[in-house]
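Spelled out, the chains give:
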Amino acid sequence: MANEFDRQVDRRNTSSLKWEKYGDSDILPMWVADTDFISPPAIMKALHERIDHGVFGYTNTPDELIQLVIERMQSHYQWTVEQDWLIWLPGLVCGLNLACRAVGSSGDTVLSPKPIYPPFMSSPRLSDRQLLSVPLCEQEGRWVLDLDALDQLITPDTKMLLFCNPQNPGGSVYRREELEQLAKLVVKHDLIVCSDEIHCDLILEPGLQHIPLGSISEEMAARTITLMAPSKTYNIAGLACAFAIIPDRNLRKRFHDVMKGIVPDVNLLGFTAAIAAYRDGDEWNRSQLNYLRENRDYLVGEINQIPGLKLGPVEATYLAWIDVSGAKLDNPAHFFEQAGVGLSPGRDFGDDRFMRLNFGCTRSTLEEAVRRIRRAIQGELPA
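Residues numbered from 1 in each chain as written. Predicted model: local features only at pLDDT ≥ 70, side-chain atom pairs only at ≥ 80, totals over all residues. Heavy atoms only, no water.

Right, let's get into the packing of aromatic side chains. The final tally for this structure, using the stated rule, is 13 aromatic pairs. Between Phe5 and Tyr291, the ring centres sit 5.6 Å apart and the planes meet at 40°, which makes this aromatic pair tilted. Here Phe5 is found in the segment before β1 (28-29), whereas its partner Tyr291 is found in helix α11 (residues 282-303), with 286 residues between them in sequence. Of the two residues, Phe5 and Tyr291, both sit in the buried class. Linked through ring pairs, Phe5, Phe37, Tyr234, Trp284 and Tyr291 together constitute an aromatic cluster. Over the aromatic face of Trp31 sits the side chain of Lys21, whose NZ or CZ is 4.3 Å from the ring centroid. (Phe/Tyr/Trp six-rings, centres within 6.5 Å; stacked < 30°, edge-to-face > 60°. Helix = DSSP H or I, 4+ residues; strand = E, 2+ residues; numbered from the N terminus. Buried < 20%, exposed > 50% of the residue type's maximum accessible area, 1.4 Å probe, protein only. Lys NZ or Arg CZ within 6 Å of the ring centre and 35° of its normal.)

What follows is the structure, given as structure tokens:
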């Protein structure tokens, strides 16, 4: 029986951000973080049924979805979340921007990891805040926050830390003791944390578990804005449904206040897909994780055999953070595009020694991408 994730779906001419970037050029798009997999059958069925209803008016947040999220936080993470803590959003990026606007005031400093998903660097500036980057350090190939550097960087006008777990682009899953050490610093310096946890259901390494930062203690819950969404896991980013969990009433009110009149409600198809994902999607995701693990293992093995390239452990996500510095390329993004592979430039994440590759694709696509990369590098490097 063929693996459902081996099915090659033609996404050209569908206004796909990912696939239409390069037009008709023979370049495999391995950049932006959406997968090439068809969403779970349960989501497809729910959307068809909702569309068949035929009326698409203004929509409240469904009670069923609220309950599913509360139950999910309890069953997956042993985190007791209350209904009032939830704020629904049309995307996680707007949540980052709202958090920056809701905490502190104009000119205050926001700390962000580096390297990091690009909106972490743009959100403070767009919110009239100062950005201060905290370096990530490699520990046995894992990318984690340098807590000593973080402690030294904080000043009296530092009000917020942007955090990412699982880490994008490094793929690290933070351990409980690491989160507890971070929590001590946050409390010590009286910071608020906005924690991007959108990849929480994409843990690839057996034995690891996602732990929401806000679940560490009541003290951290009161200081944390947690952002989650079903979009990455179930490939429904285009349906625009995400949520924030904000236990503290005053912080939640400030977040609500900066939303008013600006941030649109989640659309009803986004709600419909999210309900189906959280109600009926776990078995499908287990199959997806098995497929992604095999893709990851293949990619790590192959990349580390190509001269000048290095790929460390990928504990979560479907994103590979590849060190290309050994290849000594003047313009890595252009080089790989010329080779027929479109990767995300490391400079967009704050480190031009790297490139990010999305392996959420069919194995045949991934194998072809590796062939092109190997051929290009071996032709470029001296014998």
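Next, the rest of the story.
Within strand β8 (residues 224-228), five of the five residues are buried, leaving the element largely enclosed by the surrounding structure. Residues Thr224, Thr226 and Met228 line one face of β8 and the alternating positions Ile225 and Leu227 line the opposite face, and both faces are buried. As judged from the four bridges shared by strand β7 (residues 192-196) and β8, these two strands associate in the parallel manner. Bridge pairing in β8 places Ser195 opposite Thr226. Bridge count between β8 and strand β9 (residues 242-245): three bridges; the pairing is antiparallel. Residue pairing across strands places Met228 opposite Phe243, the latter belonging to β9. (Pairing = 2+ DSSP bridges.)

Let's shift gears to the layout of surface pockets. As a volume, the largest pocket reaches approximately 1,000 Å³. Lining the largest pocket are 46 residues, and of these Asp34, Asn235, Ile236, Ala237 and Gly238 lie nearest its centre. Mapped by element, the contributors of at least two residues to the lining of the largest pocket are α1 (41-53), α3 (92-102), α8 (231-234) and β13 (344-345). A breakdown of the residues in the lining of the largest pocket according to their chemical character gives 26 nonpolar, twelve polar and eight charged. The computed volume of the second largest pocket comes to approximately 340 Å³. Lining the second largest pocket are 16 residues; nearest its centre among them are His76, Cys200, Asp201, Asn285 and Leu289. Elements supplying a minimum of two residues to the lining of the second largest pocket: α2 (63-77) and α11. Per-class residue counts for the lining of the second largest pocket are six nonpolar, four polar and six charged. (1 Å grid on protein atoms, 1.4 Å probe; cavity = no way out; pocket = protein on both sides within 12 Å on 5 of 7 lines; lining within 4 Å. Points joined across faces, edges and corners; volume = space filled by probe spheres on them. Nonpolar A, V, L, I, M, F, W, Y, C, P; charged D, E, K, R; others polar.)

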